[in-house]
Each structure stands twice: as C-alpha cells, then as structure tokens.
Amino acid sequence: MIPTILPTYNRAPMAFQKGEGAWLTATDGRRFLDFGAGIAVNSLGHANPALVKALTDQAQAVWHVSNLYQIPAQKRLADQLVEHTFADTVFFTNSGTEACELAVKMARKHFYDAGQPERTDIITFAGSFHGRSSAGIAAAGSEKMTKGFGPLLPGFVHLDFGDHDALTEAAKFPTVAAILIEPVQGEGGIRPVPDQCLKGLRDLADEHGILLIFDEVQCGVGRTGKLFAHEWAGITPDIMMVAKGIGGGFPLGAVLATERAANGMTAGTHGSTYGGNPLGCAVGNAVMDIVADPAFLAEVNRKAGLLRQKLEGLVAAHPDVFTGVRGSGLMLGLMCKATNTDIVKAGYDAGILTVPAADNVIRLLPPLNLTDNEIVKAVDLLDQAAEQVASDG
Ligand SMILES: *Cc1c(COP(=O)(O)O)cnc(C)c1O
C-alpha cells in the first residue's frame, strides 16, 4: 500500500523534537550536530532568537494579505536586497523552483518585448539543479529528474560543465536568450565555477547580447563568505535566483534583476498568492539584517578557513575514505572514495548530519553562525564516521 506521504524521498529513520543553533535533538533523545542545515536553509541555525522574534511579532500582527495590497515587510526586504546587490528590482517567491520559473519567463519576455521573440533558449550545464518544476527539470535536463515526465518544456540547451568550446559555439545562436548557471553547483557535488570562468561568462553574454542568470538558491546569502557567491568573481548577473538561506527556515525565495532584464515584467505578467507574504518577509529581513553585515561575513570567512583546514587534516588521515575537499566558504564538499551515503549513515551513528550530493560527495552546509568549538566537534564526529566506514569496509 502506498504510504500516506507520497514516497518520493528515502528518509533517514529519525525525527527531531527540538533545534537550537547548530544542534538538533531527536525524538529518542539523541543529539546531532546539524551540518546539513535543512539543505543550506537554516542559515542562522535552529530557533535563532532574532528570527523567532521577527516571525512571532509578525504572526501576532498580520499573516497574509495577498499582493493586491502594499506589504511593508516585503518593501523593506526588496530595498535591502537592492541596496546590497546588483539588482534594481525583486520578485518574491516561496521556493527556489518558483524563482527558476520566473527567471526563465523574465528572460524570454525581455527579448519578446525587445522585438527578438526568437530568443527563447536558455543554456544550462550538466550536473546543475534548478528545482523540480517543469521548467526546473527541463533546465537541469538530467535523466534522473526528467525520465517519464515528458514532454519536457522546450528551449533548454544542455552543455557539459566546463566545456568552454561548446559554450562559445552555443552562445552564437540567434535563438539564445540566456545562460543559467549556479556559481557553485550544490546538488551536483559542490562544484565551484572558477572566478575566471564566471568572468568569461559575463563577457560572452555581453558579446552576444544575451542575459546571464545566476542560480544562487544554495550558494547565496552568505554561504560562501560573500553575501552572494558571484561577488568573488567581481562580476554581476542580469537575473539571480535566491531561496533557501534567505528565509532561514521559513519558505522564501526571490528573483533579483536589473531594470533592463526585468523590463518585460509589467502589471499582470506574473504573480504569486503567497510570494512575499508578511511572515516570510519578516524573517527574510531579520536574516538580511544579520548576514549582510560585513563583520558577520568576515566571521563566516574565518570559520570557513578553520573548517577547511581541519577537513584537509581529516582527508589526510583517512585516504581510504576521502579523496579531497572542495567548495567555497561554508559550502564544502568532501569527495569520497568510500560510498558517500555509507559515510552519511555512519555520521548519523556518530551524531552528525550531512547531505550526500552527486559525484560521490558529502555536502557540509552548517549554519553560518556556528562556533569554533562546533567546527572542531564536527570534524571529530566525521573522523568517527570515517573510522566506522573504514572498519566496515
Ligand atoms: C534547492 C535548489 C533549487 C530548488 O529550490 P526549492 O526551494 O527546493 O524549490 C534550485 N536551485 C538550486 C541551486 C538549489 O540548490
């Protein structure tokens, strides 16, 4: 018999009754150090007092009014995002995949209104992940996500990750509207796009008059030690998708864009009942108030350096289990020699939560405000997990 919950997830056999900072307590009393953070969502840890206050204060005032009216918290969050980024304008969604939908629509509408309706293609890359909507799976294009769900939304051109020649050729086609890329691939196995490649993408887009869309749903909002990951490369996109960390655990996403890229999106062309609702935006503002502070980001970088250094030591101590570390800031991947899911399971036994990714990688996505002691503890627990996997293997 089919479970009452549609069985699209293979769930680990634990549930949690309480979270505090980087820690989760399971219903059976076990404690776990949470280095998955709900897949890069709980950017400021569990039950963060500032976020709890923002949400409960808003909950006692107004939950929902719809976008038929002014929403002050939404305006403030849009202003904050515009102030701190390349963007001139913001649309709020409830998730990353909804942000992908709008990013694609916006790019196509831009060219339609510019008298180039043939420009509809979006260039994407193998190993990418843009959500599970029809546009999201068509964008990623992998068999794992698309098989059986055809006909797929047309207009996506899939290239290998890092194939510069194919990209240079594909960008020349007069049907291309945009290039869509994660500055650091998340689900694909924590694969950063080198800074010089992001710069090259910007140049290529400019050369052909096409739009550059960054999917920073996983790598954005302080995760890499900059407010947004592309800042490391010193370039900006035309459109950017945000979600996960911006809500700190409350469902919230956004599409940020320049005025030029967004110029087709006039009244009535897009909408969302819940997007930008007062609750989500109240929390989003509280997250931005903390994360956009340069002093906070400096601490993220310092902690990221400490974690990375300790992980290099872990890898060196377990050459039969791990082969290396990659990633950026507090978005790190342990490349595995043993099977990544076995190590994740051994982590559960040791008391640490991590997230598997493609390419036999384990993702480490701790809350950005974790302590140095928690970093030391995490590497100790990963060491125990590695010992167990080595002795089982
Ligand atoms: C998680 C993710 C998405 C999809 O976000 P949802 O909120 O699950 O819809 C899109 N892009 C990237 C890079 C992601 O990591």
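Residues numbered from 1 in each chain as written. Predicted model: local features only at pLDDT ≥ 70, side-chain atom pairs only at ≥ 80, totals over all residues.

### A closer look at the environment of Ala 26
Structurally, the position occupied by Ala 26 is in strand S2 (residues 23-26). The sequence separation of Ala 26 and Ala 37 amounts to 11 residues, and the corresponding C-alpha distance is 15 Å. (Helix = DSSP H or I, 4+ residues; strand = E, 2+ residues; numbered from the N terminus.)

### Concerning the nonpolar core
Residues Ala 103 and Val 255 are the most contacted members of the largest nonpolar core, which totals 121 residues. Formed jointly, this core draws a minimum of three residues from each of two domains, domain 1 (16-34 + 294-392) and domain 2 (49-291). If near-sequence neighbours (up to four positions away) are discounted, Ala 103 is found in contact with Leu 180, Ile 213, Ile 239, Met 241 and Val 255. (Core = buried A, V, L, I, M, F, W, Y, C linked by C-beta atoms within 7 Å. Buried ≥ 20, exposed ≤ 12 C-beta atoms within 10 Å, placed from the backbone. Domains from an automatic or database assignment. Contact = placed C-beta atoms within 7 Å.)

### Some points on the packing of helix H2 (residues 49-61) against helix H9 (residues 278-291)
One way to put it is that H2 packs onto H9 with a least axis distance of 8 Å and a crossing angle of 150°. Judged on the interaxial angle alone, H9 and H2 are roughly antiparallel. For the crossing formed where H2 meets H9, the hand is right-handed. Seen from H2, the contacting residues are Ala 50, Leu 51, Ala 54, Leu 55, Gln 58 and Ala 59; seen from H9, they are Pro 278, Leu 279, Ala 282, Val 283, Asn 285, Ala 286, Val 287 and Ile 290. (Axes fitted to C-alpha atoms, helices over the stretch in contact; angles between N-to-C directions. Parallel < 35°, antiparallel > 145°, perpendicular 65-115°, else oblique. Left-handed = near helix turned anticlockwise from the far one by under 90°.)

### Regarding the site of the ligand
As a structural note, the neighbourhood of the ligand is formed by 15 residues, with Ser 95, Gly 96, Thr 97, Gly 131 and Gln 218 the closest of them. Top element by residues in the shell around the ligand is helix H4 (residues 96-113). It accounts for three residues. Taken together, the residues of the shell around the ligand sort by class into four nonpolar, seven polar and four charged. (Near = placed C-beta within 6 Å. Nonpolar A, V, L, I, M, F, W, Y, C, P; charged D, E, K, R; others polar.)

### Observations regarding the domain arrangement of the protein chain
For the protein chain, the assigned domains are domain 1 (16-34 + 294-392) and domain 2 (49-291). Among the secondary structure elements, those contributing two or more residues to the side of domain 1 that touches domain 2 are helix H10 (294-317), strand S13 (322-328), strand S14 (331-336) and strand S17 (361-364). Here the side of domain 1 that touches domain 2 is built from residues that sort into 11 nonpolar, five polar and three charged.

### Some points on the sheet that holds strand S6 (residues 156-159)
The strand order S4-S12-S11-S10-S7-S5-S6 describes an open sheet built from seven strands, whose pairing is mixed. In this open sheet, the two strands that pair with only one neighbour each are strand S4 (89-93) and S6. Geometrically, the sheet is characterised by an average inter-axis angle of 20° between neighbouring strands, direction not taken into account. With three bridges joining them, strand S5 (residues 121-125) and strand S7 (residues 176-181) adopt parallel strand pairing. Within the sheet, the bridge partner assigned to Ile 122 lies in S7 and is Ala 178. Its contacts with the sheet put helix H3 (residues 72-84) on S4 and strand S12 (253-257), and the angle it makes with S4 is roughly 125°. Seen against the sheet, H4 touches S4, S5, S7, strand S10 (211-215), strand S11 (239-242) and S12 and runs at an angle of roughly 25° to S12. (Pairing = 2+ DSSP bridges.)

### Regarding the sheet that holds S2
What holds strands together in a sheet is hydrogen bonding between their backbones, with the strands either parallel or antiparallel. On the basis of which strands lie adjacent, the open sheet formed by four strands has the order S1-S2-S3-S15 and mixed pairing. Each edge of the open sheet is held by one strand with a lone partner, namely strand S1 (16-20) and strand S15 (352-353). Alignment of strand S3 (residues 31-34) against S15, held across two bridges, turns out to be parallel. Among the inter-strand pairings, Asp 34 is bridged to a residue of S15, identified as Leu 353.

### Let's talk about the pairing of S1
On any regular strand, side chains alternate: one points to one face of the sheet, the next to the other face. Looking at chain direction, S1 and S2 are connected through four bridges and run antiparallel. Residue pairing for S2: Glu 20 is matched across the bridge by Trp 23. Count of turn residues in the S1/S2 antiparallel hairpin: two residues, of which Gly 21 carries a positive phi of about 60°.

### So, the UniProt feature "modified residue: N6-(pyridoxal phosphate)lysine" (unreviewed entry) in the protein chain
Listed under "modified residue: N6-(pyridoxal phosphate)lysine" (unreviewed entry) in the UniProt record, and renumbered for this structure, are Lys 244. Tracing the sequence through the fold places Lys 244 in the loop between S11 and S12. If we ignore the near neighbours within four places in the chain, the residues touching Lys 244 are Ile 39, Ala 40, Val 41, Gly 96, Val 217 and Gln 218. (UniProt positions renumbered as here; feature names shortened; annotations may be inferred.)

### A closer look at the environment of Cys 281
Turning to its location among the elements, Cys 281 is positioned in helix H9. In sequence terms Cys 281 and Val 355 are 74 residues apart; their C-alpha atoms lie 27 Å from each other. Not counting residues up to four positions away in its chain, the partners in contact with Cys 281 are Ile 71, Ala 73, Gln 74, Leu 77, Phe 92 and Gly 276.

### Considerations on the UniProt feature "binding site: N(2)-acetyl-L-ornithine" (unreviewed entry) in the protein chain
In this numbering, the UniProt entry assigns the feature "binding site: N(2)-acetyl-L-ornithine" (unreviewed entry) to Arg 132 and Ser 272. Turning to its location among the elements, Arg 132 is positioned in the loop between S5 and helix H5 (134-140). In this structure Arg 132 comes out as partly exposed when scored by C-beta crowding, with 16 C-beta atoms within 10 Å. Once residues within four sequence positions are removed from consideration, Arg 132 is found in contact with Thr 97 and Ile 137. With respect to the helices, strands and loops of the structure, Ser 272 is situated in the loop between S12 and H9. Excluding anything up to four places from it in sequence, Ser 272 contacts Thr 93 and Glu 98.

### Some details on unusual backbone geometry
The omega torsion across Gly 150 and Pro 151 is -5°, close enough to zero to call that bond cis. A positive phi angle is found at Ala 37, which is not glycine, with a value near 50°. Among the secondary structure elements, Ala 37 is positioned in helix H1 (residues 37-40). One non-glycine residue, Ala 40, lies in the positive phi region at around 65°. Here Ala 40 lies in helix H1.

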